[in-house]
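Examining the three-dimensional arrangement
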Amino acid sequence: MTQLNIAGAAPAPSARDDHAAPAPSAERLAEAAARAAELAPIYEELSALDALERALTQDFPGEIALVSSFGAESAVLLALAAEVDRSTPVLFGETGMHFQATRYYRRRLIERLGLRNVQVIRPAPAELARRDPAGVLNQSDTDSCCHIRKVVPLERALTPFSAWFTGRKRSQSRTRSAMAAVESDAAGRIKVNPLAKWTADDVAAFMAARDLPAHPLVAQGYPSIGCEPCTSPIKPGEDPRAGRWRNSAKTECGIHVIDGKIVRVAPDDSGPLDRQIAS
Ligand code: SF4
């Protein structure tokens, strides 16, 4: 893994510093919401590949990244993005709590798809030392744990971008069933969901047709894979995401929540962002 020279290699469309994360203005939030509302019906009619191509070349050239957990269904969006441009920035939030199998799978997909710009984003050591020195915060406060290990680092990593891709699908859970093809987020950024219409069958058919490798844990009953302490296998008939934060009301890590829970401002004293290119 090589250290990324952010000033030289990050596809930053502006002089904004990804160390800072000022709260978005009401005007910026309103503009993003209006643009998302304008684009959503257009993207709704596009295939996933056409959505990626349009976003990367027409609507957000040089300004869009893909956020991937390298989980059970991540290969689909990564393969489609690679088909358009293998240099598409891919952000992976390394929480320090992932399954070893996920790191192995990340390396395997990078090699298989020829991805050239997978950026591994880590939480600030000072924040971990201050708020989770023993690495057990997930046992008492999952929202705070997700916040410092995943939400804040990825939010900071997204600062140079005006838009991002997610691999979320309406079929994944009841909480995602009404999701639009294009949304705005709490930072006033556009969120493009090229796979919004896809079902589990669509994913399986695509992976088979492309001969894409499966995450090693899928065969062990994990259709949705996050951090190891917060992910369990599911039983037949359960919601695919039922194994995430089991026995808890929590359903999302916070990255995808627009209202309410996210406090999106990164601490000003957390130091330079740890962003490295994975190989
Ligand atoms: S999924 Fe669990 S271990 Fe991972 S950041 Fe969230 S609370 Fe922490």
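Residues numbered from 1 in each chain as written. Predicted model: local features only at pLDDT ≥ 70, side-chain atom pairs only at ≥ 80, totals over all residues.

**Structural notes on the overall build of the protein**
Within the protein one finds eight helices and eight strands. Taking all 279 residues of the protein together, 44% fall into the buried category. (Helix = DSSP H or I, 4+ residues; strand = E, 2+ residues; numbered from the N terminus. Buried ≥ 20, exposed ≤ 12 C-beta atoms within 10 Å, placed from the backbone.)

**A closer look at the packing of helix α3 (residues 48-59) against helix α4 (residues 74-84)**
Across the interface, α3 lies against α4 with an axial gap of 9 Å and an inter-helix angle of 50°. Relative to α4, α3 is oriented oblique. The way α3 lies across α4 gives a crossing that is right-handed. Note on element contacts: α4 touches α3 through Leu-80, Ala-81, Glu-83 and Val-84, opposite Ala-48, Leu-49, Leu-52, Glu-53 and Leu-56. A breakdown of the residues in the contact of α3 with α4 according to their chemical character gives seven nonpolar, no polar and two charged. (Axes fitted to C-alpha atoms, helices over the stretch in contact; angles between N-to-C directions. Parallel < 35°, antiparallel > 145°, perpendicular 65-115°, else oblique. Left-handed = near helix turned anticlockwise from the far one by under 90°. Contact = placed C-beta atoms within 7 Å. Nonpolar A, V, L, I, M, F, W, Y, C, P; charged D, E, K, R; others polar.)

**Focus: the packing of α4 against helix α8 (residues 200-210)**
Describing two packed helices takes the angle between their axes plus the distance from one axis to the other. Put simply, α4 and α8 touch, their axes get as near as 9 Å, and they point 55° apart. In terms of orientation, α4 and α8 fall into the oblique class. Crossing geometry of α4 relative to α8 is assigned as left-handed. For the pair α4 and α8, the contacting residues are Ala-75, Val-76 and Ala-79 in the first and Val-203, Phe-206, Met-207 and Arg-210 in the second.

**A short note on the pairing of strand β4 (residues 118-122)**
Within a regular strand, side chains alternate between the sheet's two faces. Strand direction decides the pairing type here: strand β3 (residues 90-93) and β4, joined by four bridges, are parallel. Bridge pairing in β4 links Gly-93 to Ile-121. Traced from β3 through helix α5 (residues 100-113) to β4, the parallel crossover comes out right-handed. Two strands pair when backbone bridges link them, and β4 and strand β8 (residues 274-277) are joined in this way by four bridges, in the antiparallel orientation. The partner of Gln-119 across the bridge, within β8, is Ile-277. (Pairing = 2+ DSSP bridges. Right-handed = clockwise from strand over helix to strand, strands pointing away.)

**Concerning the confidence of the model for the protein**
Overall, the prediction assigns the protein a mean pLDDT of 87, with 86% of residues at 70 or greater. Scored below 50 in pLDDT, residues 2-20 shows 29 contacts in the model against residues more than four places distant or in partner chains. (pLDDT = per-residue confidence, 0-100.)

**Some points on α4**
For α4, a buried count of eight out of 11 residues is recorded, marking the element as mostly surrounded by other parts of the structure. Within α4 the residues assigned to the buried category are Ser-74, Ala-75, Val-76, Leu-77, Leu-78, Leu-80, Ala-81 and Ala-82. On its buried side, α4 packs onto α3, β2 (64-67), β3, α5, β5 (163-165) and α8.

**Considering the nonpolar core**
In this structure, Ala-55, Ile-64, Leu-78 and Trp-164 are the most contacted members of the largest nonpolar core, which totals 56 residues. In this structure, Ala-55 is in contact with Phe-60, Ile-64, Ala-163, Phe-165 and Val-192, ignoring residues within four places of it in sequence. (Core = buried A, V, L, I, M, F, W, Y, C linked by C-beta atoms within 7 Å.)

**Some remarks on unusual backbone geometry**
Not every positive phi belongs to a glycine, and Phe-70 is a case in point at roughly 50°. One can find Phe-70 in the loop between β2 and α4. Unusually for a residue other than glycine, Asp-211 sits at a positive phi of about 55°. Within the element layout of this structure, Asp-211 appears in the loop between α8 and β8.

**Here we look at the site of the ligand**
In the vicinity of the ligand there are 13 residues, among which Met-97, Cys-145, Cys-146, Cys-227 and Cys-230 approach most closely. Here the residues of the shell around the ligand are counted per class, giving seven nonpolar, four polar and two charged. (Near = placed C-beta within 6 Å.)

**Observations regarding the pairing of β2**
The alternating pattern of β2 places Ile-64 and Leu-66 on one face and Ala-65 and Val-67 on the opposite face, and all of these are buried. Pairing between β2 and β5: three bridges, direction parallel. Each residue of the ladder has a partner; that of Ala-65, found in β5, is Trp-164. Bridge count for β2 against β3 is two bridges, and the pairing is parallel. What sits directly across from Val-67, in β3, is Leu-91. Taking the sense of rotation as the criterion, the β-α-β connection linking β2, α4 and β3 turns out right-handed.

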